[in-house]
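Structure assessment
The primary structure of each chain is shown beneath.
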Amino acid sequence: MKKRLSQRSIAWGCVLTLLCGTTLLTNTLLGSGFLPGTAYAGWMLPASSDAAYPRPGVSEPVSPLLLKPVGSATGREAVEAPGWPYVKGAADGSSKGIFLPGDGASPVMARLDEPSPPPPAPPSLPARPIEKPAPQPLSVRIVEYHLNAELDTEGKLIRATSSLTWKNPGTVPVHELYFHLYPNAFESKKTTFMKESGGKLREDASKDNNVGSMQIGTIKTEDGIDLTSRIAYVQPDDGNTDDHTLLKVPLAKAVGPGEKVTLNTDYTVKLPQVFARMGYAGDFVMAGQWFPKVAVYETKGTRGRAEEGWNLHQYHGNSEFYADFGIFDVRIKVPSSYKVAATGFPIRPAQDDGKTKTYAFYADDVHDFAWAASPHFIYYEEPYATPQLPGVRIKLYLDPKHEKLKARYIAAAKKALARYSQWYGSYPYSTLSIVVPPADGNGAGGMEYPTLITAWGAGEDNPNLELERVVVHEIGHQFFYGMAASNEFEEAWLDEGFTSYAEDRLMETEYGVRPNLLVEASYITAPAPLRLNSWSYKDHHHYAENVYTRAKLVLKEMERRVGADTMNKIMRTYFQRWKFKHPTSADFQQAVEDVTKTSWKEFFDQYVYNGMMVDYAVTTIQTNRITENGQTFYENKVQIQRHGGTYPNVPIRFHFADGTQVDKTWEGADSEVIMKLNHSAPIDWVALDPQHAIVLENKRINSFMKTNVDPKLSVRLNLGAVKLLETVLGWIAW
Ligand SMILES: [Zn+2]
């Protein structure tokens, strides 16, 4: 799913204004300071321990130069980061400052601009994508669904039957099956989803009395044995008996290892007004999570399991989905005036009896099936192929309001399919459908299903690049959710974080929009582990801050450390190794280690399995004037502390009153270091990571300290700035 940007853009505007004000002092002071520095041969750098401090033979301290109190635990006395966000970004060219128009790639705020005509997508090879079952299975097919649905547009209902054949992939007999009945999340305000989300997802709030549900009529075996009286709702996560999103179906006869069982179910879905990905908006219907979906039975070793068994979770406010691969054969009956978009491809033209129309779709090697219907859809189709993309029909189901924008949707889809196929591996399906919901159906927008995505609702006449961004984000999910089908209940970052990373790379490559990692890192105010059950985050903002933004920054940090080429190899290796399986964080770590031939344990322990960020601080600067053997010099002592995770070789810039500048690094593993620099002039300022190389540094306010302003003035201004900034950052966190 795509998180919304609009509020963030407003918040960014505010925070940038404030940063403008609060950085004025330092930027003025530093204005001439970022000239190429000259290393001064006479300075001494002790080993990174306190042993060298204090140095013997020190003469009297010169009090006017002792400007900072010693032992600052919080680093709040520090002046804030140099030049941020005016200063150009890191040496690799990423994250250029926000106030650098005409600097090549557009900064993040360019997302608000009307794009100039985008460069075209790679031209298509002669393409004749064939819509038929895959000649060879790409996945281990555990499920085979035959679904028959009829849309009742008056009653806002889907009446349907399901025939599911499930294969036991394990080594022991299985006595019961479990099904996700996701629409029951909207049954009442007492469900786990509604209690956790407060009836709100992204910016969409569910209206009062807006209910949705999935009622099971009967469940029978192939032999006609009725299991309906045996079924029971279970609540393994929270024991909330008002939650009916997970159903246990005890079988009449156990299913042996490798054996299959078929269950025939009839059921009715009551559609809510569009909320949390599904429902109706006027004539528009989004049928996501609309059938009883069997849970995943994990074999021993799958995702590190010690024993085989079901992976069972309810539908939570923050969680998305997890399912097994297989085949879907689906009939959908709608009023004759309706058009239907669906996962997979049509196996024959829709049959029209003058009153109703029945569509027939088929999809294989997918783990979900969604459809959308509307009498208003405007339909376009275009075949597309590149050397890495065997051939796909891009199908666009447009709300009429966006008819004139069809070229932008199609171009974004082509760029995304071409690039991701080039970077990670071929998109193997013959179709990719894009549904553009009406404006009031936006709660169903920005969502991914196998071979089908939804764009934002067609609200604005002239939307900014968010139109393209959501399309390329959701197409990214075809790779990191559709194929590398990780468990979104337990490790959502493998989906959203990876997709956000791929999205940023594509937006930069194809649309010239660079993310401002500096600003995004500053948003991380409540870092939490990335491998965490989605309902264990405090709220949706906390979930999004970590699973989307922090996860992406962790991948960007990794990219900075290994270089873009190696990072591309890591991502490709991971995807190729794990497509059509269910990878975990540990599997990704293994791919990273295999490609780099280095241990990443510390990195993963700190930034993935724990919620750490990087935070190095200049805490004290002390200067003594010393006369020795008739010579006078200044002994400058700079205390630097580590308050977060480690970073190898922290860059430090020392600037002296005579204009001399020295760049050094500290290996950064200890909790503290005191660096001593003897020079003919006192130190003027110290800046950590002046080129903003450290992506995960989220508290740059303490990364800089200046000595040559009046101490009272400096401290007073600083504390004001810190307080203001913290208030604002707390407010904008989503
Ligand atoms: Zn997403």
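Note: the structure precedes this text.
Quick look at the structure, then.

Rules used throughout
Residues numbered from 1 in each chain as written. Predicted model: local features only at pLDDT ≥ 70, side-chain atom pairs only at ≥ 80, totals over all residues. Pairing = 2+ DSSP bridges. Helix = DSSP H or I, 4+ residues; strand = E, 2+ residues; numbered from the N terminus. Buried ≥ 20, exposed ≤ 12 C-beta atoms within 10 Å, placed from the backbone. Axes fitted to C-alpha atoms, helices over the stretch in contact; angles between N-to-C directions. Parallel < 35°, antiparallel > 145°, perpendicular 65-115°, else oblique. Left-handed = near helix turned anticlockwise from the far one by under 90°. Contact = placed C-beta atoms within 7 Å. Nonpolar A, V, L, I, M, F, W, Y, C, P; charged D, E, K, R; others polar.

1. Comments concerning the pairing of strand 17 (residues 345-352)
The pairing of strand 17 with strand 18 (residues 356-366) spans 5 bridges and is antiparallel. Bridge pairing in strand 18 places Pro-346 opposite Phe-361. In this structure, the hairpin formed by strand 17 and strand 18 is closed by a connection of 3 residues, where Gly-354 is found at a positive phi of approximately 95°.

2. Let's talk about the pairing of strand 30 (residues 683-688)
For a regular strand, the rule is simple: side chains alternate between the two faces of the sheet. With 6 of 6 residues buried, strand 30 lies mostly within the body of the structure. Two strands pair when backbone bridges link them, and strand 27 (residues 650-656) and strand 30 are joined in this way by 5 bridges, in the antiparallel orientation. Looking at the pairing, Phe-656 lines up with Ile-683 of strand 30. As paired strands, strand 30 and strand 31 (residues 704-706) are joined by 3 bridges and run antiparallel to one another. Across the sheet, the residue bridging to Ala-687 is Phe-704, located in strand 31.

3. Notes on the packing of helix 4 (residues 406-423) against helix 6 (residues 493-511)
Here helix 4 crosses helix 6 at 110°, and the two axes come no closer than 11 Å. When the axis of helix 4 is compared with that of helix 6, the two are roughly perpendicular. Between helix 4 and helix 6 the crossing geometry is right-handed. Along its contact with helix 4, which presents Lys-415, Ala-416, Arg-419 and Tyr-420, the element helix 6 presents Ala-502, Leu-506, Thr-509 and Glu-510. For the contact of helix 4 with helix 6, a count of residues per class yields 4 nonpolar, 1 polar and 3 charged.

4. Section: the packing of helix 5 (residues 466-483) against helix 6
Here helix 5 crosses helix 6 at 130°, and the two axes come no closer than 8 Å. When the interaxial angle is binned, helix 5 and helix 6 end up oblique. In the crossing of helix 5 with helix 6, the sense of the turn from one axis to the other is right-handed. Touching Glu-468, Arg-469, Val-472, His-473, Gly-476, His-477, Phe-480 and Tyr-481 of helix 5 are Leu-494, Asp-495, Phe-498, Thr-499, Ala-502, Glu-503, Leu-506, Met-507 and Tyr-511, all from helix 6. Its residues assigned to classes, the contact of helix 5 with helix 6 comprises 9 nonpolar, 4 polar and 4 charged.

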